[in-house]
Amino acid sequence: MDSEVGPLRAVLLHRPGNELKRLTPRNNDKLLFDSIPWVSRAQQEHDAFADVLRGRGVEVLLLADVLRTALEDPRAHAAGVHAAVDDRRLGNDLADSLRSHLTSVDAPTLAEVLMAGMTFEELPSAEGASLVRMMHHPRDFAVDPLPNLLFTRDSSAWIGDRVAISSLTMPARRRETALLDLVYAYHPRFRHAARAYGAHSAPIEGGDVMLLSPGVVAIGVGERTTPAGAESLARSVFADGLAHTVVAVPIEQSRATMHLDTVCTMVDVDAVVMYPLARDSLTAFTIKPTGDGGVKVAGPAPFLEAAAEAMEIDRLRVIDTGLDPVTAEREQWDDGNNTLALAPGVVVGYERNAETNERLTAAGIEVLPITGSELGSGRGGPRCMSCPVRRDPR
């Protein structure tokens, strides 16, 4: 996979599940949601999203299904149990009890615990006293749920024929990495997939990784991806021959601009949809290999200029998310910039971003609108909710 816009053939999604039912006003901030989603409606919206993709010939893989299949392998099952149990939180005795219980359950049951978590009242009964049990509320989490699994873009990203397992920054998301590690290591479809980046390297998230063109990778550096993470990924793709240029893009460290794809996404081979306030303010450092294992860094320069030069084109066409500042800010917050390209000039976007969609259509981009009133409560659009695993060359 060498671009953001080559015809999409297979994608990894996660249909919202019981992990979203764990969200309450008491914990939604900690779990990175802005509101409490209506889960059944979120599932309907996600099913419609998946159907749009299938209707365009895209194979849809669901994370829960591939995780259950991977966990049928005894080695994956053991690794899943290890990922679920935190000795520091539970103490040795309770951790051993939970570990013993999870070792005995089947793959679908373990997959559900890994995704939806487990409360103290759901722990298997045990003999003897436990201060840990007694001092926790029954509905406190012994195993945290992972409601952000919905956003499959962040936990892994494919570059060329290799998969980069992310090093997720926020505590609420760190265990997602272990699940994707299991899927890519033990599911028959991915068992032989080569890795482009290690999960235990410096923080980087897939929402910050953008394949601008063959051999050119943009990496946002901000709230979730660190400079060390960007440099590590750059060195990795250079060593593997997956890229000749990496463009590192500093972005504001805020909730509204948590990833590069919240302000800019590719909609055609030479076009992006972009938040107007970022158009002139975004800069970039250009990183290239030296040939002896090192890197050279130039810049900063304006992002649009650096990207066009790296892509060897005259300029990137920019489609703004509205020229009115208030509309632009509203539609950026509502993921108007977060589109998923199914082919050059064909994208999926939230229908509520009416002005952005009109501007895309006027620029010759076909927009496939989907409803996202509940899906968007975790701050993510169609690109965030999808991890392309196979695209044709553009």
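Residues numbered from 1 in each chain as written. Predicted model: local features only at pLDDT ≥ 70, side-chain atom pairs only at ≥ 80, totals over all residues. Heavy atoms only, no water.

(A) Just the nonpolar core, in detail. Among the nonpolar cores identified, the biggest contains 65 residues, and Leu-12, Leu-71 and Tyr-184 are the most heavily contacted of them. With sequence-adjacent residues up to four places away left out, Tyr-184 is seen in contact with Leu-12, Ser-156, Trp-158, Val-163, Ile-165, Phe-190, Arg-191, Arg-195, Cys-387 and Val-389. Core analysis: the second largest hydrophobic core is formed by 35 residues, Met-210, Leu-260, Met-266 and Val-367 among them. (Core = buried A, V, L, I, M, F, W, Y, C linked by side-chain atoms within 4.5 Å. Buried < 20%, exposed > 50% of the residue type's maximum accessible area, 1.4 Å probe, protein only. Contact = heavy atoms within 4.5 Å.)

(B) Structural context of the side chain of Glu-45. Here Glu-45 lies in helix α1 (residues 39–55). No salt bridge is formed by the buried Glu-45, whose closest oppositely charged neighbour, Arg-41, lies at an N-O distance of 5.4 Å. Once residues lying within four places of it in the same chain are set aside, the contact partners of Glu-45 are Thr-371, Gly-372, Ser-373, Glu-374 and Leu-375. (Helix = DSSP H or I, 4+ residues; strand = E, 2+ residues; numbered from the N terminus. Lys, Arg positive; Asp, Glu negative; His and termini not counted. Salt bridge = Lys/Arg side-chain N within 4 Å of Asp/Glu carboxyl O.)

(C) Spotlight on the pattern of salt bridges. With the rule as written, the count across this model stands at 25 salt bridges. Among the salt bridges present, the one from Glu-366 reaches Arg-56, with a minimum N-O distance of 2.6 Å. Of the two residues, Glu-366 is situated in strand β18 (residues 366–370) and Arg-56 in the loop between α1 and β2 (59–62); the sequence distance between them amounts to 310 residues. Classification of Glu-366 as partly exposed rests on a relative accessible area of 34%. Linking Asp-96 and Arg-99 is a salt bridge whose minimum nitrogen-to-oxygen distance equals 2.8 Å.

(D) The state of the cysteines, seen in detail. Applying the stated criterion across every chain, the model contains zero disulfides. This cysteine, Cys-264, is not joined by any disulfide, and Cys-384 carries the nearest cysteine sulfur, 13 Å off. The buried category is assigned to Cys-264, whose relative accessible area is 1%. Sulfur of Cys-384: no disulfide; nearest cysteine sulfur belongs to Cys-387 and is 12 Å away. Residue class for Cys-384 comes out buried when judged on its relative accessible area of 2%. (Disulfide = S-S within 2.5 Å.)

(E) Examining a nonpolar patch on the surface more closely. A cluster of nonpolar side chains, Leu-131, Met-134 and Met-135, forms an exposed patch at the surface whose accessible area comes to about 410 Å². Here Met-134 shows up in helix α6 (residues 131–134). (Patch = residues over 30% accessible without salt bridge, like charges linked within 9 Å, V, L, I, M, F, W, Y side chains within 5 Å. Areas by Shrake-Rupley, 256 points an atom, 1.4 Å probe, with all protein chains shown as cover.)

(F) Here's a closer look at the sheet that holds β2. Sheet architecture is open: three strands sit in the order β2-β1-β19, paired in mixed fashion. In the strand order of this sheet, the two ends are held by β2 and β19 (387–391), each with one partner. This sheet shows a mean twist of 20° between the axes of neighbouring strands, independent of strand direction. Sheet analysis places strand β1 (residues 8–13) next to β19, joined by four bridges and oriented antiparallel. Counted as the bridge partner of Leu-8 is Arg-391 from β19. (Pairing = 2+ DSSP bridges. Axes fitted to C-alpha atoms, helices over the stretch in contact; angles between N-to-C directions.)

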